[in-house]
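Structural overview for review
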Amino acid sequence: MDTGLQHRIPVTILSGFLGSGKTTLLNYILTENHGLKVAVIVNEFGEIAIDNQLIVGLDEQEDIVELSNGCICCSVRTDLLDAVVNILSDESRQVDYLVIETTGLANPQPIAQTFFMPDLETRTFLDSIVTVVDTVHYEQVMAALDRGIHVEIEKPMACTSAHAREIMQKQEETGLVVLIGYQRHYDQRFRWVRQKIAEGLIGRVTLTHVFQGQNWLRGQQGAWRLVPELSGGGQLNDSGSHVVDILLWITDLEAEEVFAFVDNRGEKVDINSAVTVKYTNGAVGTITIVGDQVASGMWEDITIAGENGIMWMPQDGRLMVSTEDQPKPTEVTDFSDADLYPGGKDQNFIDAIRGEGEVQVPPICGLRVIELTEACWRAAESGQTTKVEKS
């Protein structure tokens, strides 16, 4: 460990396009009981919409709000350097971490340079720069790896197969941790299903079915997700990538070719997708993604059929299993015999950095997802069955 960092406050700079999700992340940091006293520096309190019930202290003169979980939120009036020095100089606060939010299209580089100035370089260190927008994931990951920084990245890992392969190669060259934020890998149901399929509970997988519906389109009007240059794709590449990933992960199948119909619903990105897949083991399947669902919330339904049984994971959270030995569908409620992971993706990221656990969502998962996704787009455009291009 670099002992020079032990008494310096780590800093994360959070950037991203308007509507990219920065506020959602900041609200989580400011309201959750994560055990850290985080100082969040923003431009305007109004953008964060802090719940008044969580406020335990307010310094209107300094534009500082203290929250019940120990975090503070500070609004920058004139100069970022002054705001940071003000927070660090107040011994009563003793913050553990600093998060700096940039606005709109702000370039984080000048902000990053602030922490190499004499007043701050001995008191803080730049821990990470987080950018919330899909199409720059590749550039951000590669830049971090070039600097020797471990990376936990939101989905999708990359918006092209070529970029995904470069990330994989760079990770292998550096040996650094790269983890994708597909949280279903830590869900006990999915881990149990993956293990039992590998053990042969339902025999060779012969058919898969995935349905995902979300009231997605209505909530994205005027936002960056409907701009292909920023999002890299539509619902299939956004929420849909979660179910594509978990399908390939629990079955350990590789897609060989696809046929797809895609309806953009008048937008520039895919909204509704109906996909038929053939896998390398001979199995077939369907993936149905609905991005203009009227009902609120998310609707998901997954079925995996094998030569000797079937598994069904309906919307209500149950897991039903039927096998030749036990043909009557039975709900599984005890997952203790599975290889469960004690914690979520963030804990896994920390464990992997410390050498105390394997990455549960490595870059290969992101590559397999974008390979299949790109094949769907090509098939829909050509109107023909399309091979999935492999690395």
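Up top you'll find the structure we're talking about.
Now for a quick tour of the structure. Note that the coordinates shown come from a computational prediction; the quantities given were computed from them, not determined experimentally.

Quick look at helix α7 (residues 188-199)
Its twelve residues place the ends of α7 16 Å apart at the C-alpha level, agreeing with the 16 Å of an ideal helix rising 1.5 Å per residue. Close packing links the buried residues of α7 with β10 (205-214), α9 (240-251), β14 (298-306), β15 (309-313) and β16 (320-323). Trailing α7 by a residue or two, G200 shows a phi angle of about 90 degrees, which is positive.

Notes on the pattern of salt bridges
Under the definition given, this model contains 17 salt bridges. For D238, the salt bridge goes to R225, with nearest N and O atoms at 2.9 Å. With D238 in the loop between α8 (228-231) and α9 and R225 in the loop between β10 and α8, this pair connects stretches of sequence that are 13 residues apart. Each member of the pair, D238 as well as R225, is classed as buried. For E257, the salt bridge is made with K387, and the minimal N-O distance between the two is 3.7 Å.

What to know about empty space enclosed by the protein
Evaluation of the coordinates by the stated rule reveals one cavity of 30 Å³ or more. Within this model, the largest cavity holds a volume of roughly 50 Å³. For the largest cavity, the full set of lining residues is L248, L253, E254, A255, R368, E371, L372, V388 and K390. Here the lining of the largest cavity takes three residues from helix α11 (residues 363-382), the largest share from any one element. Counted by class, the lining of the largest cavity contains five nonpolar, no polar and four charged residues.

Cut-offs used in this document
Residues numbered from 1 in each chain as written. Predicted model: local features only at pLDDT ≥ 70, side-chain atom pairs only at ≥ 80, totals over all residues. Heavy atoms only, no water. Helix = DSSP H or I, 4+ residues; strand = E, 2+ residues; numbered from the N terminus. Expected span 1.5 Å × (residues − 1). Contact = heavy atoms within 4.5 Å. Salt bridge = Lys/Arg side-chain N within 4 Å of Asp/Glu carboxyl O. Buried < 20%, exposed > 50% of the residue type's maximum accessible area, 1.4 Å probe, protein only. 1 Å grid on protein atoms, 1.4 Å probe; cavity = no way out; pocket = protein on both sides within 12 Å on 5 of 7 lines; lining within 4 Å. Points joined across faces, edges and corners; volume = space filled by probe spheres on them. Nonpolar A, V, L, I, M, F, W, Y, C, P; charged D, E, K, R; others polar.

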